Amino acid sequence: MKQWIALTALAVFTTGAYAQAFPGSKPVTFVVPFAAGGPTDRVARDLAEAMRKFVPGGNFVVENTAGAGGTIAATKVAKANPDGHTLLVWHIGMAATPALYRKIQYKPLEDFEYLGMINEVPMTLVGKPQLPANTYRDFENYIRANAGKLNIAHAGLGSASHICGLLWQSTLQSKDAMTTIPFGGTAPAMTALMGGQVDVMCDQTTNTTAQIEAGRIKAFAVTTAKPLSGHPVLRHYPSLQEMGLKGFDLTIWHGLYAPKGTPAAVLQTLNEGLKKALKDPEFIKKQEGLGAVVVTDKRVEPAEHKKFVAAEMTKIKAAVDAAGKYAD
Ligand code: MLT
């Protein structure tokens, strides 16, 4: 009798019937590699709300696992049970951290199933409200005049805010310009910036737009090649390229990942749910209100998502190597 049950269980699992039961009663957890309230957390929570509509029975929840620039969370998901209930929402850090950590506990291109890209988010160079500068020119001159006296916040080595600060400081060609202050995410870093405990930060518009509009922080430039002329708040700021930083063009993409070995039918259910969520008018409105652009191109396909990340790994390594003397 026991043998019959074992064979039936095997058949159910292998025929994908298990996958048809997915997600079942167990929540689907989006692991976010940074503190709650930050830009990555915001993308994950908005996406979870949208996917609940399009994955029948999908109880999507968010869990914040901060630390080490996001690599602790990535390791956790890479090693999680590949049943589709533990997923990773992460950004450019998936491609940047291999260039910045001597040893990471996972292989970005081998240890994950790629579920598709989510969005692309511009960044803003922002300062504490007390900073005696109002234009980018004033800001840059102030930084140079106070080399070694100011600090810049980020969310850990390999975080988007770290990468942006690294690339921007390398254009200042003054290694001692600023001390870097790491946080568990740019939500706590933003609190410190608004309170004047840190001087500068480069952060995603999903986290800075509301604070800029409320006058709680100062903004000086955006990191996209062109200014965000279509955005009611962000259109007031030049791009760093316009300010003379040749070729500076940084946008933070976000993707969705499952552990390697997750059943194909489960991956298909999740990818189909993602594609519908990315077309959800409510999700799009929320994201665009914060300056983000929802992905609508072929990178929503897993294979194209993976190809894109592989290319980004090469591109970011070259950029980090070039700016590396500013990495700390
Ligand atoms: C980053 O700087 O990598 C993220 O914006 C941090 C966060 O999402 O809190």
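Scroll up to find the structure this text is about.
Residues numbered from 1 in each chain as written. Predicted model: local features only at pLDDT ≥ 70, side-chain atom pairs only at ≥ 80, totals over all residues. Heavy atoms only, no water.

**Student:** Just checking my understanding: could you explain the overall build of the protein for this structure?
**Tutor:** In terms of helices and strands, the protein carries 12 helices and 10 strands. Its C-alpha radius of gyration of 21 Å places the protein within 12% of the 20 Å reference for a compact globule of 328 residues. Its C-alpha atoms give the protein principal-axis dimensions of about 80 × 40 × 35 Å. Put simply, the protein has 328 residues, and 55% of those count as buried. (Helix = DSSP H or I, 4+ residues; strand = E, 2+ residues; numbered from the N terminus. Rg over C-alpha atoms; globule rule 2.2 N^0.38 Å. Buried < 20%, exposed > 50% of the residue type's maximum accessible area, 1.4 Å probe, protein only.)

**Student:** Explain the pattern of salt bridges to me, please; I cannot follow it from the model alone.
**Tutor:** Oppositely charged side chains are able to pair whenever their charged atoms sit close together. Under the criterion given, the structure shown has 16 salt bridges. The closest approach of N and O atoms between Arg42 and Asp46, which form a salt bridge, is 3.1 Å. Pair noted here: Arg42 and Asp46 are both in helix α3 (residues 39–54), with a separation of 4 residues, about one helical turn. Overall, the relative accessible area of 31% leaves Arg42 in the partly exposed class. A salt bridge links Glu63 to Lys76; the nearest nitrogen and oxygen atoms lie 2.3 Å apart. Linking Glu63 in strand β2 (residues 60–64) with Lys76 in helix α4 (residues 71–78), this pair joins segments that are 13 residues apart in sequence. (Salt bridge = Lys/Arg side-chain N within 4 Å of Asp/Glu carboxyl O.)

**Student:** Would you mind showing me how to read the environment of Thr29 here?
**Tutor:** In this fold, Thr29 is placed in strand β1 (residues 28–32). Its relative accessible area of 16% is what places Thr29 among the buried residues. A sequence separation of 56 residues divides Thr29 from His85, and the C-alpha atoms of the two residues are 5.8 Å apart.

**Student:** I tried to follow the site of the ligand on my own but got confused; where do I start?
**Tutor:** Every one of the 13 residues lining the ligand counts as a neighbour, but Thr40, His91, Ala160, Ser161 and Thr186 are closest to it. Within the backbone of Ala160, a nitrogen or oxygen atom sits 2.7 Å from an oxygen atom of the ligand. With respect to the ligand, the backbone of Thr186 contributes an N or O atom lying 2.8 Å from an oxygen atom. Considering the ligand on its own, with 270 Å² of exposed area, one finds that the protein chains cover 100% of that surface. Listing elements by their share of the shell around the ligand, those giving two or more residues are α3, α7 (160–172) and β7 (200–204). Tallied by class, the residues present in the shell around the ligand amount to 4 nonpolar, 8 polar and 1 charged. Here the shell around the ligand spans two domains, since at least three of its residues come from each of domain 1 (2–120 + 252–323) and domain 2 (122–236). (Near = heavy atom within 4 Å. Polar contact = N/O pair within 3.5 Å; in protein donor to acceptor, adjacent residues only side chain to side chain. Areas by Shrake-Rupley, 256 points an atom, 1.4 Å probe, with all protein chains shown as cover. Nonpolar A, V, L, I, M, F, W, Y, C, P; charged D, E, K, R; others polar. Domains from an automatic or database assignment.)

**Student:** Can you walk me through the packing of helix α8 (residues 186–194) against helix α9 (residues 205–213) in this structure?
**Tutor:** Between two packed helices, the angle of one axis relative to the other and the distance separating the axes together describe the packing. At a closest axis distance of 11 Å, the pairing of α8 and α9 adopts a crossing angle of 25°. As the angle between them shows, α8 and α9 are arranged roughly parallel. Judged by the sense of rotation from one axis to the other, the crossing of α8 with α9 is right-handed. Across the interface between the two elements, Thr186, Ala187, Met190 and Met194 from α8 touch Asn207, Thr208 and Gln211 from α9. (Axes fitted to C-alpha atoms, helices over the stretch in contact; angles between N-to-C directions. Parallel < 35°, antiparallel > 145°, perpendicular 65-115°, else oblique. Left-handed = near helix turned anticlockwise from the far one by under 90°. Contact = heavy atoms within 4.5 Å.)

**Student:** Even after reading the chapter, I still don't get the packing of aromatic side chains, so can you show me in this structure?
**Tutor:** If you walk through the whole model with that rule in mind, you get 8 aromatic pairs. Consider the rings of Phe139 and Phe220, whose centres lie 4.2 Å apart with planes at 10°: the pair is stacked. Highlighted residues: Phe139 in helix α6 (residues 136–145) and Phe220 in strand β8 (residues 218–222), separated in sequence by 81 residues. Both residues of the pair, Phe139 and Phe220, belong to the buried class. Note on Trp253 and Phe308: the rings are 5.3 Å apart at their centroids and 75° apart in plane angle, and the pair reads as edge-to-face. Of this pair, Trp253 sits in strand β9 (residues 251–259) while Phe308 sits in helix α12 (residues 302–323), and the two are 55 residues apart along the sequence. Following the ring pairs from residue to residue traces out a cluster consisting of Tyr106, Phe112, Tyr114 and Tyr257. The ring of Phe308 is capped by Arg299, whose NZ or CZ atom sits 4.7 Å from the centre of that ring. (Phe/Tyr/Trp six-rings, centres within 6.5 Å; stacked < 30°, edge-to-face > 60°. Lys NZ or Arg CZ within 6 Å of the ring centre and 35° of its normal.)

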